[in-house]
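Examining the three-dimensional arrangement
Listed here are the chains, written in short residue letters.
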Amino acid sequence: MDDQISLTFGVENMSCASCVGRVEKVLGGVEGVRKAQVNLATESVKVTTDADVDTLQMVEAMAQAGYPARLVTHRLRIANMSCASCVGRVERALANVPGVVSASVNLATEEAQVQALDHPDVLSALQAAAAQAGYPATLDAGDAAAEDATARKEAEATHLKRKTLIAAALTLPVFILEMGGHLIPAFHHWVTATIGTETSWLLQFVLTTLVLIGPGRQFYLKGLPALLKGAPDMNSLVALGSGAAWLFSVTALFAPSVLPEGSRVVYFEAAAVIVTLILLGRFLEARAKGRTGAAIAKLIGLRARSARVEREGAVVELPVEEIVAGDIIHLRPGEKIATDGVVASGRSYVDESMITGEPVPVEKVEGTEVVGGTVNGTGSLTFRATKVGGDTMLAQIIRMVEEAQGAKLPIQDLVNRITLWFVPAVIAVALVTFGVWLAFGPSLSHALVAGVAVLIIACPCAMGLATPTSIMVGTGRAAQLGVLFRQGDALQTLHDVKTVALDKTGTLTKGQPELTDLTLLNGFTEDEVLPLIGAVEARSEHPIAQAILRRAERAGNVPTEITDFQSHTGYGVSAMVAGHRVSVGADRLMTRDGLALGDAAQIGADYGTAGKTPLYAAIDGKLAAVIAVADPVKPGTPEAIAALHDLGLKVAMITGDNQGTADAIAARLGIDRVVAEVLPDGKVAAIDTLKAEAGPVAFVGDGINDAPALAQADVGLAIGTGTDVAIEAADVVLMSGDLRGVVNAIDVSQRSMRNIQQNLFWAFGYNVLLIPVAAGAFYPLTGWLLSPALAAGAMALSSVFVLSNALRLRWITPPLAETAETQSARAAVPVAAE
């Protein structure tokens, strides 16, 4: 709806899947918030709100819940201010921008300081609002909002690494003093004989306390307040588990009379090891999370930093932020193109592989378009900037990938509903475990160990990371392969499709007629025939005539002087060219002119059966050649359709072309179902029929007339070389015009969903299996009792496993890749001689 907006911004203090549900619940309770979707992997939330929502109210609600929104401060230089009333106008304009918390303008320094959510589009919206109010704003060089998210993740990982190392250094002596004696009886006797048990416990107390109040302090500062609010999270579990072990040990050390007889043991090593191992897990998570955003980082890295721009009659080096639409930019060989534009002069080849995935450089001459982020070859160009900033293709691609990475798949809703009550349920299980073992077990310490182990083993981090990390890595890798998921849930929906329906013109075929076959007759050669028929067809605007002319021009010089040109309606054309009478047209033109077709009639019939348009050429009263013109199938199409069949999918073709041509192409390509001679609304009806017969349908198209069908299909895939309307209606955009991209998109979808299923199986299976073990369910039968330290290690490993498994998607190799050979084959035209 027009009166709704979407904001995506960072959230602090989220550590597990239960946090996801709480943040969504808190935001859902704010007036004007329609929907909130949290992504644990990116530590961000996407909120759909009314246009007049109170951002400050959202920020305060999140802070009160213990999950503060990540805010940034933008410093802007404001032009045209002259008095205090200007200050008020600028402040009001900036404050009304969605996502702004506060705005303060200083007239003396001509600066504005704006505190806002770290939504990526806030800065451009601020500049637009200021300009609309009559006070243009430019970014101050020291803007904190320019902080690179990758750098922030690296800083976080470095910080956690330092804390982990400190915790490990303090924990190691504790572990050796306590566990060394259990493992090696002689060591226990040595400790008792030298420093004594009491001194050993005192040392363990001091070192463990330093671990808890130092590196482990964050668990208590975040976990205990959340517990008191009735919304416990992962930090609460760690705080309860390690705190209980430490408190019991302190009681055993300093007030042993409080405990039942025979219960005087300490678990300082458990408390210290729990904190250390979970810090280690957090460090590994932070490092892995940084890698999940590698695709975005690479895309951002494609941006040029500066460009040589014409200003006031001189060419000056300017940052790309200062380029405006209409600027003339000078491009040297090997330089990165700064922004989208149209070539004004020069000639060069540009490597566009990072945008389209196609390896062959594309020729650029006057009037052709260039794309920001691509790399110029050996020539020099000047071009006029047409799209700058957030409007460039690269910026739109980055935005699409970010939105897809932040999407919540339907499968994630189930996970969130489970994890919302999971932590309270775990605490309840831990209390029951403690109570049961206290009542029926051998000792208080036994009950404590079982209860603490349950708290630690059941942390739901792996559950929360299972889906979003796979989405991030999968969609990021897809973008590198030239497949953009505009709608994140298409990643799951595409996995379920049973039929792939294809438009014909521009999707299966190139969308432009070409001379595909030339069979020479009566001793004529190609060098004789092509220039003469090309010269005749040059006088006609018909698409078939233009196809013949293009082929003739590629073969050599086409005569320009012709006489006695005649167009025979419904038959063909004729003219005098270089002293020769040349006629080109249908078989009836040859018959009318008294030429017997003979074997040529069968050649033409065979062309027609293959879905091509047969034409005949006569020179000086002799039949010279049979010509076939058709909209040729793209080189990768047969291979792509075969690959779709290998995936177990049915392939249908829906086209407005005539039934005969459609049937011929379908038979040649092995297409299972043909729906021909349909209007745009007929395509919608055809898709509905396919859905009813076989289940979910994906539709692939490229034209304006395909937009309704793209929207109607369960998943719409638009060829990136198609129209903007088609791309806007699609769920997935294939940057290359090649159908191999469809196979790659489905392959990424299937691999990503399989990866998510593996992660969820591990995360849920891990808890289902190990909670009973931690609770001591097998103790009466086997004597197994899981120590809290081992539980902490297992918990940390579960999250690392999930992240590592998701990162495998970074190395997806496309099942079908377009090569330079297949691209060059596009220009090849088979020529046969009789």
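Residues numbered from 1 in each chain as written. Predicted model: local features only at pLDDT ≥ 70, side-chain atom pairs only at ≥ 80, totals over all residues. Heavy atoms only, no water.

As recorded by an unreviewed UniProt entry, the chain carries the name P-type Cu(+) transporter and is attributed to Sulfitobacter delicatus. Recorded under Catalytic activity (unreviewed entry), the UniProt text for the chain is reproduced unchanged: "Cu(+)(in) + ATP + H2O = Cu(+)(out) + ADP + phosphate + H(+)". (UniProt positions renumbered as here; feature names shortened; annotations may be inferred.)

1. Some thoughts on the side chain of Ser 470
Mapped onto the elements of the fold, Ser 470 is located in helix H16 (residues 461-480). The exposure class assigned to Ser 470 is buried, which follows from its relative accessible area of 0%. One polar contact links Ser 470 to Asn 759, side chain to side chain, over a distance of 3.1 Å. In this view, Ser 470 contacts Ser 752, Asn 755, Ile 756, Asn 759, Ala 806 and Leu 809; residues no more than four positions away in its chain are not counted. (Helix = DSSP H or I, 4+ residues; strand = E, 2+ residues; numbered from the N terminus. Buried < 20%, exposed > 50% of the residue type's maximum accessible area, 1.4 Å probe, protein only. Polar contact = N/O pair within 3.5 Å; in protein donor to acceptor, adjacent residues only side chain to side chain. Contact = heavy atoms within 4.5 Å.)

2. A closer look at the sheet that holds strand E3 (residues 44-50)
Strand pairing in a sheet takes place through backbone hydrogen bonds and is either antiparallel or parallel in direction. Strand order in this open sheet of three strands is E1-E3-E2, and the pairing throughout is antiparallel. Strands with a single pairing partner mark the edges of an open sheet, and in this sheet they are strand E1 (4-10) and strand E2 (33-39). Ignoring which end each strand starts from, the neighbouring axes of this sheet average 15 degrees apart. One ladder, built from seven bridges, connects E1 with E3; its direction is antiparallel. Counted as the bridge partner of Phe 9 is Val 45 from E3. (Pairing = 2+ DSSP bridges. Axes fitted to C-alpha atoms, helices over the stretch in contact; angles between N-to-C directions.)

3. Here's the deal with the sheet that holds strand E13 (residues 362-364)
Across the sheet, three strands lie side by side as E13-E12-E15; this open sheet has antiparallel pairing. Looking at the sheet topology across the chains shown, the edges are occupied by E13 and strand E15 (375-376). Sheet topology places strand E12 (residues 348-351) next to E13; three bridges connect them, and they run antiparallel. Bridging across to E13, Val 350 finds its partner in Val 362.

4. With respect to the UniProt feature "transmembrane region" (unreviewed entry) in the chain
Within this structure's numbering, the places UniProt gives as "transmembrane region" (unreviewed entry) are residues 165-187, 199-216, 237-259, 265-284, 418-440, 446-467, 760-779 and 785-803. In residues 265-284, the share of helix is 85% and the share of strand is 0%. The end C-alpha atoms are 33 Å apart. Split by type, residues 760-779 is 85% helix and 0% strand. Its first and last C-alpha atoms lie 28 Å apart.

5. Overview of the environment of Lys 229
Relative to the helices and strands, Lys 229 resides in the loop between helix H8 (217-228) and helix H9 (234-254). For Lys 229 and Gly 66, which are 163 residues apart along the polypeptide, the C-alpha to C-alpha distance reads 9.5 Å. With residues up to four places along the chain from it excluded, the contact list for Lys 229 reads Gln 64, Ala 65 and Gly 66.

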